[in-house]
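Chain by chain, the residues run as shown.
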Amino acid sequence: PEVGRGFVSNSIDGTVTVFDLKSHKVLGAVAVGDGPGPIVYDAVSKRVLVCCLRGWSLVPIAADIDLKTGKAEQPIKFADQPSIETTMACDGQGTVFVALNDKLAVVDTREMRLAALWATESELTGMAMDREHGRLFVGCRTGVEVLSASDGHEVANVATTGHVLDVEFIDGQIFARSSDGTLNV
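In this text, all values refer to a predicted model and were calculated from it rather than measured experimentally.

Caption draft 1: Representation of the overall build of the protein. Within the protein, the secondary structure is distributed over 0 helices and 18 strands. For 185 residues, the compact-globule estimate of 2.2 N^0.38 gives 16 Å, and the protein sits close to it at 16 Å. Seen through its principal axes, the protein has C-alpha atoms that stretch 50 × 35 × 30 Å. By residue count, 46% of the 185 residues in the protein fall in the buried class. For the protein, long-range pairs separated by at least 24 residues make up 31% of all intrachain contacts whose partners lie at least 6 apart in sequence. With the model as given, the accessible surface of the protein reaches about 9,000 Å², and the carbon-plus-sulfur share is 51%. Between the centroid of the 16 positive side chains of the protein and the centroid of its 25 negative side chains there is a distance of 9 Å.

Below, the structure written as structure tokens:
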């Protein structure tokens, strides 16, 4: 955002397309590896972070990358494969959380390394964050787990109808879309 660029993953050819946010003109592409999916921007590192689903990794790209000569940075490897429903959340203070099936990867973006793996109740399907209160809202098959963003301990577990597909945190409320078509608030 600070450099006026947008980023879109292309899972078929293993690249990320970079475009101008004002004109929407494609500026170029960056090779990132196998199966790029979700993308977040981390303001602390000034990096766009791309989760490569088949590559089992998180790939940093400088937001201001020179598209003629630049390359993606060294990937952060995961021992577990990210779920096809992988989501990420960024705390704005140097940590990015990545859903890996039944674990939550905690990435330190200052050092670009995997800092921790937190076990969760079940397969993760969506995630949102309340940055002000340091809470992660993690969708899973049985509801929404509310976790402390500082150490991963469960603060609460909210039951929902159906299994959760998406979670959003807007104006102090948690919205969880379930497989049965219900929006749980």
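Structure's up, so let's keep going.
Caption draft 2: Geometry of the sheet that holds strand E17 (residues 173-178). As summarised here, the arrangement of the 3 strands in space is E16-E17-E18, forming an open sheet in which the pairing is antiparallel. The outermost strands of the open sheet, each flanked by one partner alone, are strand E16 (164-170) and strand E18 (183-184). Relative to E17, E16 is paired through 6 bridges, and the arrangement is antiparallel. Counterpart to Asp166 in the pairing with E17 is Arg177.

Caption draft 3: Spatial organisation of the environment of Thr15. Within the fold, Thr15 resides in strand E2 (residues 15-20). Along the primary structure Thr15 and Ala31 are separated by 16 residues, whereas in three dimensions their C-alpha atoms are 4.3 Å apart. Filtering out sequence-adjacent residues up to four positions away, Thr15 remains in contact with Val8, Ser9, Asn10, Ala29, Val30, Ala31, Val32 and Pro36. A polar contact of 2.7 Å, which involves the side chain of Thr15, links it to the side chain of Asp13.

Caption draft 4: The arrangement of the pairing of strand E6 (residues 57-62) in detail. Extensive coverage of E6 is indicated by the burial of 6 of its 6 residues. Of the two faces of E6, the one lined by Ser57, Val59 and Ile61 and the one lined by Leu58, Pro60 and Ala62 are each fully buried. Counting the residues between successive antiparallel strands, the hairpin from strand E5 (residues 47-52) to E6 contains 4 residues, one of them, Trp56, with a positive phi of roughly 50 degrees. Bridge analysis of E6 against strand E7 (residues 76-77) gives 2 bridges, and the strand direction is antiparallel. Its bridge partner lying in E7, Ser57 is registered against Lys77.

Caption draft 5: Layout of the environment of Ala62. Take Ala62: it is sitting in strand E6. Taking the relative accessible area as the measure of exposure, Ala62 reaches 15% and is therefore buried. Considering only alpha carbons, one finds Ala62 and Arg131, 69 residues apart in sequence, at a separation of 23 Å. Ignoring any residue separated from it by four or fewer positions in sequence, one finds Ala62 in contact with Lys46, Arg47 and Glu73.

How each quantity is defined
- Residues numbered from 1 in each chain as written.
- Predicted model: local features only at pLDDT ≥ 70, side-chain atom pairs only at ≥ 80, totals over all residues.
- Heavy atoms only, no water.
- Helix = DSSP H or I, 4+ residues; strand = E, 2+ residues; numbered from the N terminus.
- Rg over C-alpha atoms; globule rule 2.2 N^0.38 Å.
- Buried < 20%, exposed > 50% of the residue type's maximum accessible area, 1.4 Å probe, protein only.
- Contact = heavy atoms within 4.5 Å.
- Areas by Shrake-Rupley, 256 points an atom, 1.4 Å probe, with all protein chains shown as cover.
- Lys, Arg positive; Asp, Glu negative; His and termini not counted.
- Charge placed at Lys NZ, Arg CZ, Asp CG, Glu CD.
- Pairing = 2+ DSSP bridges.
- Polar contact = N/O pair within 3.5 Å; in protein donor to acceptor, adjacent residues only side chain to side chain.

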